[in-house]
Amino acid sequence: MRERLVVVGNGMAAHRLLERLHARAPGRWAITVLGAEPRANYNRILLSAVLAGEKSADAIMESDAAWFAERGIAFHASCRVARIDRDRRVVIDADGIETPYDRLVLATGSDPILLPLPGANLPGVLTFRDLADVDRLLAASRTARRAVVIGGGLLGLEAAFGLRRRGLEVTVVHLMGHLMERQLDADASTYLRHALERLGIAFALSANTAAIEGDAHVSGVRLRDGPTLPADLVVMAVGVRPNAALAREAGLAVGRGVIVDDTLATSDPAIVALGECAEHRGQTYGLVAPAWEQAAILARHLAGEPARYPGSIVGTNLKVAGVSVFSAGVIEAAAGDDDLLYVDPADALYRRVILRDDKIVGAILVGDSSDGGWLFDLMREGRPVGALREAVALGRDLARAAA
Ligand SMILES: Cc1cc2nc3c(=O)[nH]c(=O)nc-3n(C[C@H](O)[C@H](O)[C@H](O)COP(=O)(O)OP(=O)(O)OC[C@H]3O[C@@H](n4cnc5c(N)ncnc54)[C@H](O)[C@@H]3O)c2cc1C
């Protein structure tokens, strides 16, 4: 009899794992997928496009019942796993139904962080993580006029952009002095902010939220040392927390996420984890590329091939509100670094590449990120820049034109 592989979670990491495993070793495992959401997998990254009205929910689906049937995979939607019984090797869902496993995959992603503010539970305070959230945001945006987005990271800005496109007045409240501070330096962030301001989005930076106000429904966001911003819709986008509760309650080693080794095994060899719920060498990731790299390694492993995951070097290639942004590696130069800066205010281009011992250790591009992949490869390979210096500094197109 085939061994039973049970996958908990049906998001982007699980989907990539199933694709890869099917390509390498079709039918090797008897696979069951248990997903909490009421539908099959979709491209979560494109939720922003659905919110902004650029795509329909149907257009971002990546699998359906037929997809699973063709691969001989049993799939249960609306099935939230509540508990793992490691002694009996079964998972138990919220209805008490048990599913036995020989190998268990945890791919439960992350949950949005909810700031424990007064008023945080008021109707009209929403998050932005899945299609149900987008449905709620769209329903609210039909009657709301003013929205406040708490959080000026990628997710907050995408929510702000989407709501603005839906015609709302939008203010982004951000604790830090500049937006996307983990990916952008202060100048690059200013470029991005100006682009967003041109779209009509307002910002309150270095602003701490004291409370969410309202009686039966949210009516505003009160800032510490500042005014109350009127709002009939509030989006909390202050970050995510790896969804590790199942593992923690089952007694697995958990830090910020479910701790895994280089084979993606947890502290119980019968259980593996990947994607945003996993913590590898002290690192959790909030982007899809590491989840996909982990999926490729885990698929090989489950196909019986040796494979080890060394960790991911992360590059972020995004389009925020129509502005291309790329960021990888360090965002500030250290003493002795070679800091290559190219700014073209007329074309709203910002480009900064930081070299250390002639190798790229960081890059930020705003406005035109077409060189992002190339710079990222150079950085990842640790290749000396040498004669490519001009192209690295100015961009390949400009360097070619100047030659
Ligand atoms: C709006 C938005 C925009 C984004 N944009 C980008 C981007 O531009 N670039 C980028 O790299 N990344 C982006 N991300 C992040 C990217 O979507 C995630 O990194 C990726 O989805 C992680 O995959 P995952 O499978 O680990 O988690 P998820 O895709 O979140 O999947 C986890 C799944 O597990 C389910 N689940 C949780 N607990 C249980 C349980 N107990 N039982 C059963 N099922 C459970 C969840 O319901 C969910 O469906 C974005 C995310 C959002 C929300």
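See the structure above.
Described in the following lines is the structure provided in the data block.

The rules behind the values
Residues numbered from 1 in each chain as written. Predicted model: local features only at pLDDT ≥ 70, side-chain atom pairs only at ≥ 80, totals over all residues. Heavy atoms only, no water. 1 Å grid on protein atoms, 1.4 Å probe; cavity = no way out; pocket = protein on both sides within 12 Å on 5 of 7 lines; lining within 4 Å. Points joined across faces, edges and corners; volume = space filled by probe spheres on them. Helix = DSSP H or I, 4+ residues; strand = E, 2+ residues; numbered from the N terminus. Core = buried A, V, L, I, M, F, W, Y, C linked by side-chain atoms within 4.5 Å. Buried < 20%, exposed > 50% of the residue type's maximum accessible area, 1.4 Å probe, protein only. Contact = heavy atoms within 4.5 Å. Salt bridge = Lys/Arg side-chain N within 4 Å of Asp/Glu carboxyl O.

## A look at the layout of surface pockets
1) Next: Reported here for the second largest pocket is a volume of approximately 210 Å³.
2) Next: Forming the walls of the second largest pocket are 14 residues, and the residues nearest its centre are Leu 349, Arg 351, Asp 368, Leu 394 and Gly 395.
3) Next: Contributing elements (two or more residues each) for the lining of the second largest pocket: strand S24 (349-356), strand S25 (359-366) and helix H11 (396-402).

## Considering unusual backbone geometry
1) Next: Even without being a glycine, Arg 89 presents a positive backbone phi close to 50°.
2) Next: Its identity as a non-glycine residue notwithstanding, Asp 225 has a phi of 55°, on the positive side.
3) Next: Structurally, Asp 225 can be placed in the loop between strand S14 (218-223) and strand S15 (228-230).

## Comments concerning the nonpolar core
1) Next: If you look at the biggest cluster of nonpolar residues, it comprises 53 residues, and the most contacted ones within it are Ile 31, Ile 84, Leu 104 and Leu 106.
2) Next: Per element, the largest residue contribution to this core is 6 residues, and it comes from helix H8 (residues 288-302).
3) Next: If we ignore the near neighbours within four places in the chain, the residues touching Ile 31 are Leu 5, Val 7, Leu 18, Leu 21, Gly 72, Ile 73 and Ala 74.
4) Next: Core analysis: the second largest hydrophobic core is formed by 45 residues, Leu 47, Val 149, Leu 233 and Val 325 among them.

## Some words on the pattern of salt bridges
1) Next: Scanning the entire structure with this criterion turns up 26 salt bridges.
2) Next: The closest approach of N and O atoms between Arg 165 and Glu 54, which form a salt bridge, is 3.3 Å. Taken as a pair, Arg 165 in helix H5 (residues 154-165) and Glu 54 in the loop between helix H2 (47-51) and helix H3 (65-70) lie far apart in primary sequence, 111 residues in all.
3) Next: Given a relative accessible area of 48%, Arg 165 falls into the partly exposed group.
4) Next: Take Glu 54: its relative accessible area is 44%, and that puts it in the partly exposed class.
5) Next: Of the charged contacts, one joins Asp 338 and Arg 389 as a salt bridge, the two residues approaching to 2.4 Å between their closest N and O atoms.

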